[in-house]
Amino acid sequence: MKALFTFLLFTSFAVFADAVISTPFNIPRSTVVDINDPATNLIYPLFIKTPASYNKQVEKQYPVIYLTDAYYEFQIVSGATRYPMNIAVMEEAIIVGISYAKGSKGSSSRNRDYTPTFNKKWKDKTGEAKQHAKFIEKSVFDYIDTKYRTDPTNRTFIGNSLGGLFGTYILLNKPSMFKNYILGSPSYWWDNEYIFTQELEFAKQNVAINANVFIAIGELETIEFGAGYNMVGDAKEFYKRMLNWQSDNLNVKLMIIPQADHATAFPTTAIQGLKWVLGKCDKANNCLLSPKKATTNNILQK
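Keep in mind that what you see is a predicted model, and the values were worked out from it rather than measured.

So, how was this worked out
- Residues numbered from 1 in each chain as written.
- Predicted model: local features only at pLDDT ≥ 70, side-chain atom pairs only at ≥ 80, totals over all residues.
- Heavy atoms only, no water.
- Axes fitted to C-alpha atoms, helices over the stretch in contact; angles between N-to-C directions.
- Helix = DSSP H or I, 4+ residues; strand = E, 2+ residues; numbered from the N terminus.
- Parallel < 35°, antiparallel > 145°, perpendicular 65-115°, else oblique.
- Left-handed = near helix turned anticlockwise from the far one by under 90°.
- Contact = heavy atoms within 4.5 Å.
- Nonpolar A, V, L, I, M, F, W, Y, C, P; charged D, E, K, R; others polar.
- Buried < 20%, exposed > 50% of the residue type's maximum accessible area, 1.4 Å probe, protein only.
- Pairing = 2+ DSSP bridges.
- pLDDT = per-residue confidence, 0-100.
- Right-handed = clockwise from strand over helix to strand, strands pointing away.
- Patch = residues over 30% accessible without salt bridge, like charges linked within 9 Å, V, L, I, M, F, W, Y side chains within 5 Å.
- Areas by Shrake-Rupley, 256 points an atom, 1.4 Å probe, with all protein chains shown as cover.
- Salt bridge = Lys/Arg side-chain N within 4 Å of Asp/Glu carboxyl O.
- Polar contact = N/O pair within 3.5 Å; in protein donor to acceptor, adjacent residues only side chain to side chain.

*Asks:* Let's hear about the packing of helix 5 (residues 162-173) against helix 6 (residues 190-205): which residues, and what values?
*Replies:* The contact between helix 5 and helix 6 brings their axes to 10 Å, and the two run at 20°. As far as their axial angle goes, helix 6 and helix 5 are roughly parallel. Here the hand of the crossing between helix 5 and helix 6 comes out left-handed. Residues L162, L165, T168, Y169, L171, L172 and N173 of helix 5 form the contact with helix 6, whose own contacting residues are W190, I195, Q198, E199 and F202. Grouping the constituent residues of the contact of helix 5 with helix 6 by class yields 8 nonpolar, 3 polar and 1 charged.

*Asks:* Which residues make up the packing of helix 2 (residues 70-86) against helix 8 (residues 266-278), and what values go with them?
*Replies:* Packing of helix 2 against helix 8 brings their axes to within 10 Å, and their N-to-C directions diverge by 45°. Here helix 2 is positioned oblique relative to helix 8, judged by the angle of their axes. At the point where helix 2 passes helix 8, the crossing takes the right-handed sense. Every residue of helix 8 that contacts helix 2 at Y72, E73, I76, V77, A80, T81 and P84 is listed here: F266, P267, A270, I271 and L274.

*Asks:* Give a description of helix 3 (residues 106-113) that names residues and reports values.
*Replies:* Among all positions of helix 3, only S109, R110, N111, R112 and D113 are buried. Considering only its buried residues, helix 3 is in contact with strand 2 (42-49), helix 4 (129-147), strand 5 (150-160) and helix 5.

*Asks:* Give me the sheet that holds strand 3 (residues 62-67): which residues, what numbers.
*Replies:* The mixed open sheet is built from 8 strands, whose spatial order is 1-2-4-3-5-6-7-8. Each end of this open sheet is capped by a strand with a single partner; those strands are strand 1 (30-37) and strand 8 (250-257). This sheet shows a mean twist of 20° between the axes of neighbouring strands, independent of strand direction. Bridging between strand 7 (residues 211-218) and strand 8 involves 8 bridges; their strand directions are parallel. Considered in strand 8, the bridge of F214 is made with K253. Contacting strand 1, strand 2, strand 3, strand 4 (94-98) and strand 5, helix 2 runs over the sheet at an angle of about 170° to strand 4. Here helix 5 sits on the sheet and contacts strand 5, strand 6 (180-184) and strand 7; the angle it forms with strand 5, its principal contact strand, is near 135°.

*Asks:* Can you break down the environment of I65 residue by residue, with the values?
*Replies:* With respect to the helices and strands, I65 occurs in strand 3. As a C-alpha pair, I65 and I95 span 30 residues in sequence and 4.8 Å in three-dimensional space. What I65 contacts, discounting residues up to four positions off in sequence, is M85, A93, I94, I95, V96, T156, I158, L274 and L278.

*Asks:* Describe the confidence of the model for the chain, naming the residues involved and giving the relevant values.
*Replies:* Here the chain averages 89 in pLDDT, and 86% of its residues register 70 or above. Counted against residues more than four places away or in other chains, residues 4-16, with its pLDDT under 50, gives 0 contacts. Note on residues 292-302: pLDDT under 50 across the span, and 17 contacts to partners over four residues away in sequence or across chains.

*Asks:* Tell me about the pairing of strand 5, and name the residues and values.
*Replies:* Counting buried residues in strand 5 gives 8 out of 11 residues, a clear majority hidden from the surface. Across 5 bridges, the pairing between strand 5 and strand 6 is parallel. Residue pairing for strand 6: N160 is matched across the bridge by G184. As for the winding sense of the linkage, the β-α-β connection from strand 5 through helix 5 to strand 6 is right-handed.

*Asks:* Give me the lowdown on a nonpolar patch on the surface, citing residues and values where you can.
*Replies:* On the surface, a cluster of nonpolar side chains totalling about 310 Å² of accessible area is made up of Y83, I87 and V89. Tracing the sequence through the fold places Y83 in helix 2.

*Asks:* Explain the pattern of salt bridges to me, and be specific about the residues and the numbers.
*Replies:* Under the criterion given, the structure shown has 8 salt bridges. Across the salt bridge formed by R241 and E199, the nearest N and O atoms sit 2.9 Å from each other. In this pair, R241 sits in helix 7 (residues 231-243) while E199 sits in helix 6, placing the two residues 42 residues apart along the sequence. Residues participating in the shared-partner salt-bridge network are E199, E237 and R241.

*Asks:* So what's going on with the environment of D145? Residues and values would help.
*Replies:* Looking at where D145 falls in the secondary structure, it is placed in helix 4. D145 sits in the partly exposed class, given a relative accessible area of 25%. With 81 residues separating them in the primary sequence, D145 and V64 have C-alpha atoms 9.4 Å apart. The residues contacting D145, other than those within four sequence positions of it, are T150, P152 and R155. One polar contact links D145 to R155, side chain to side chain, over a distance of 2.6 Å.

Here it is, written out as structure tokens:
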């Protein structure tokens, strides 16, 4: 009898364990929809997550955080913002991850959509950043603003690597698309550092920018540590150039992340960037500061 009881106990546990293991985990309050780019006929899945209070505060309009590389960034940003948003030290926001075009490899999709110039040295098609930005502005924004209670004046862009390059391209060509730009490990090396040539032309125009720009880079993203390019030096150079832009409503910040490389810097970039642009001010001065007011007591800032 004891042996039978033991057998039944372990059998029941095994069945329960199998049931638990086979149950997929879903990010709460999230959904995926397909959006068509009418200019290219490419279809892009959007990963969308609403904040915890969305169905309770039915009159409230929410900021929107837009992410590139959705398969990678959506999970990180969703998890990293859950606690600060839920305890009200960060403004609640809708999160929208823009994924890769269906039928394309992720690398092919991002090489095409996130780069500002055609580069014949690359096997994949490149240079479609202008069209992809137009797709986001016309199709993605329209869908999200129609289906959800959004604050169109408070949009945040987050992009990493080529996504950071893409965000910089938008900043230089249509800065009003987003209120906040979080640019992680931006690939400013692209096409012989083309982005710096574009910055020179932009600076001559003296465009008034009303935006907050956060650039973060791992301190190991240098040639010395095998990065292939001096990405730290490039990030510092672009930051210095932004400080010379003649715009009273531009706030900029550069963060160098200790011991981080290109593969590990992004999670810190995302949460620290969002803390800077959406964090609520407190006694510890954890709120957005202009470079003239910013302090250097944060060990992550150099």
